[in-house]
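So you can see what is in the structure, the chains are spelled out below.
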Amino acid sequence: MSHATHLRTAFLSLEELTPFPGNAKRGDVDAILASLRRNGQYRSLVVREEAGGRLVVLAGNHTMQAIAKHGPGDCGTSGCGVCNNEPSWEPGARCEILTCDDQTATAINVADNRTADKGAYDYDALSELLASLDDLDGTGYTDQDLEDITNLLAAPPDEVQELTEKHGEPNEDVFRPQIKVTVDAGLFDRWRRALDAHPGKDDEAKLYGLMDEVEHHRGAVAS
């Protein structure tokens, strides 16, 4: 497997581009289109030029879908960053065109999708960034998301439940963290048995029961 080599930067019609075959990621095309309309195309598509001249999108497949969903011509959205309200606009995108072998092309597509998944947020910093904006159009966040994050970050632990009852459960994609641990099959079975020994409608409720049991046992040992 070799490294990719950059060839050129060009604005290409979507008709010239081919989606990556078997792309495993499922993106939010509507949210991407909202961002494009508000902010314009601030990131190029990464496109592989194959030996026969075919141009395959390795990264940015959902941006391409969003531009296609916009369609040709003036969309009617004032100040649209996609069509610039030009009646003659035809769907296209700025592209970074490169050459590479098949293995590298697949690795680029998979890595572009996966590396974004592995990131995490500093929610204090995120709250400040969102609050600094005049509006949240095109960010992928809503005013309710900002309210959830701000209120829950500021709340003492004993008031979190009261706030969630007042404002509703926070957007899981925004605020609720996930626990991810890779273990062998034996340890997983032990974990599953320990969890299922506690009542609850879901794993979160069962985990609360398990943690309460652990803390009770520690308290008993300490005393």
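Since the model is a prediction, treat every value here as computed from it, not as a measurement.

Draft legend 1. Layout of the pairing of strand E4 (residues 55-59). Of all five residues in E4, five are buried; the element is thus mostly enclosed. Sheet topology note: the strand E3 (residues 45-49)/E4 ladder contains four bridges and is antiparallel. For Arg48, the partnering residue across the bridge sits in E4 and is Val56. In sequence, E3 turns back onto E4 through a hairpin of five residues, with Gly53 there showing a positive phi of about 100°.

Draft legend 2. Structural context of the pattern of salt bridges. Here the structure, examined in full by the defined rule, presents nine salt bridges. Glu50 is the partner of Arg54 in a salt bridge, and the nearest nitrogen-oxygen pair spans 3.1 Å. According to the relative accessible area criterion, Glu50 is partly exposed, its value standing at 22%. When the shortest N-O distance is used, the salt bridge between Lys206 and Asp196 registers 3.2 Å. With Lys206 in helix H8 (residues 203-222) and Asp196 in helix H7 (residues 185-196), this residue pair connects regions lying 10 residues apart in the sequence. Accessibility expressed as a relative area gives 17% for Lys206, which makes it buried. Using a relative accessible area of 41% as the deciding quantity, one classes Asp196 as partly exposed.

Draft legend 3. Main features of the nonpolar core. With 20 residues, the main nonpolar core has Leu17, Leu45, Val47 and Cys95 as its most contacted residues. When residues of this core are traced back to their parent elements, those giving at least two are helix H1 (29-39), E3, E4, helix H2 (61-70) and strand E5 (92-99). Each residue touching Cys95, except ones within four places of it in the same chain, is listed here: Arg8, Thr9, Ala10, Leu12, Leu17, Ser44, Leu45 and Val47.

Draft legend 4. Quick peek at the sheet that holds strand E1 (residues 5-13). If you walk across this open sheet you meet the five strands as E1-E5-E3-E4-E2, and the pairing is mixed. Lying at the two open borders of the sheet, with one neighbouring strand each, are E1 and strand E2 (17-19). Strand-to-strand twist across the sheet, computed as the mean angle between neighbouring axes with direction ignored, equals 40°. Across the sheet, helix H3 (residues 102-117) touches E3 and E4, and the angle it forms with E4 is around 40°.

Draft legend 5. Molecular detail of the environment of Gly81. Considering the arrangement of structural elements, one finds Gly81 in the loop between H2 and E5. Relative accessible area serves as the criterion here: at 25%, Gly81 is assigned to the partly exposed category. Expressed as a C-alpha distance, the spacing of Gly81 and Arg38, which sit 43 residues apart in the sequence, is 5.8 Å. Not counting residues within four places of it along the chain, the set of residues in contact with Gly81 comprises Leu36, Arg37, Gly40 and Gln41.

Draft legend 6. A look at the packing of H7 against H8. Relative orientation of the contacting elements H7 and H8 amounts to 85°, with a least axis distance of 8 Å. In terms of their interaxial angle, H7 and H8 are classed as roughly perpendicular. Note on element contacts: H8 touches H7 through Asp203, Lys206, Leu207 and Leu210, opposite Trp191, Arg192, Ala194, Leu195 and Asp196. For the contact of H7 with H8, the residue count by class is five nonpolar, no polar and four charged.

About the thresholds
- Throughout this description, residue numbers start from 1 for each chain and increase along the sequence as written.
- Only residues with pLDDT of at least 70 are given local features in this predicted model, and only at 80 or more are side-chain atom pairs given and counted; all residues enter the totals for whole chains, interfaces and linings.
- Side-chain metrics in this entry use all non-hydrogen atoms of the structure; hydrogen atoms and water are not considered.
- Only protein chains enter the accessibility calculation, which uses a 1.4 Å probe; a residue is then buried when its area is under 20% of its type maximum, exposed when over 50%, and partly exposed in between.
- The helix and strand labels rest on DSSP assignments: H or I over at least four residues marks a helix, E over at least two residues marks a strand, and numbering proceeds from the N terminus.
- For two strands to be treated as a pair, DSSP must find at least two bridges joining them.
- The term salt bridge refers to a side-chain nitrogen of Lys or Arg lying within 4 Å of a carboxyl oxygen of Asp or Glu.
- Here the nonpolar core consists of buried residues drawn from Ala, Val, Leu, Ile, Met, Phe, Trp, Tyr and Cys, with membership extended through side-chain atoms lying within 4.5 Å.
- Here, residues are in contact when the closest pair of their heavy atoms is within 4.5 Å.
- Fitting a line to C-alpha atoms yields each axis, with helices limited to the stretch in contact; the angle taken between N-to-C directions then spans 0 to 180 degrees.
- Any angle between 65 and 115 degrees counts as roughly perpendicular, while under 35 counts as roughly parallel, over 145 as roughly antiparallel, and the rest as oblique.
- Ten residues, namely Ala, Val, Leu, Ile, Met, Phe, Trp, Tyr, Cys and Pro, are considered nonpolar, four, namely Asp, Glu, Lys and Arg, are considered charged, and the remaining ones, Gly among them, are considered polar.

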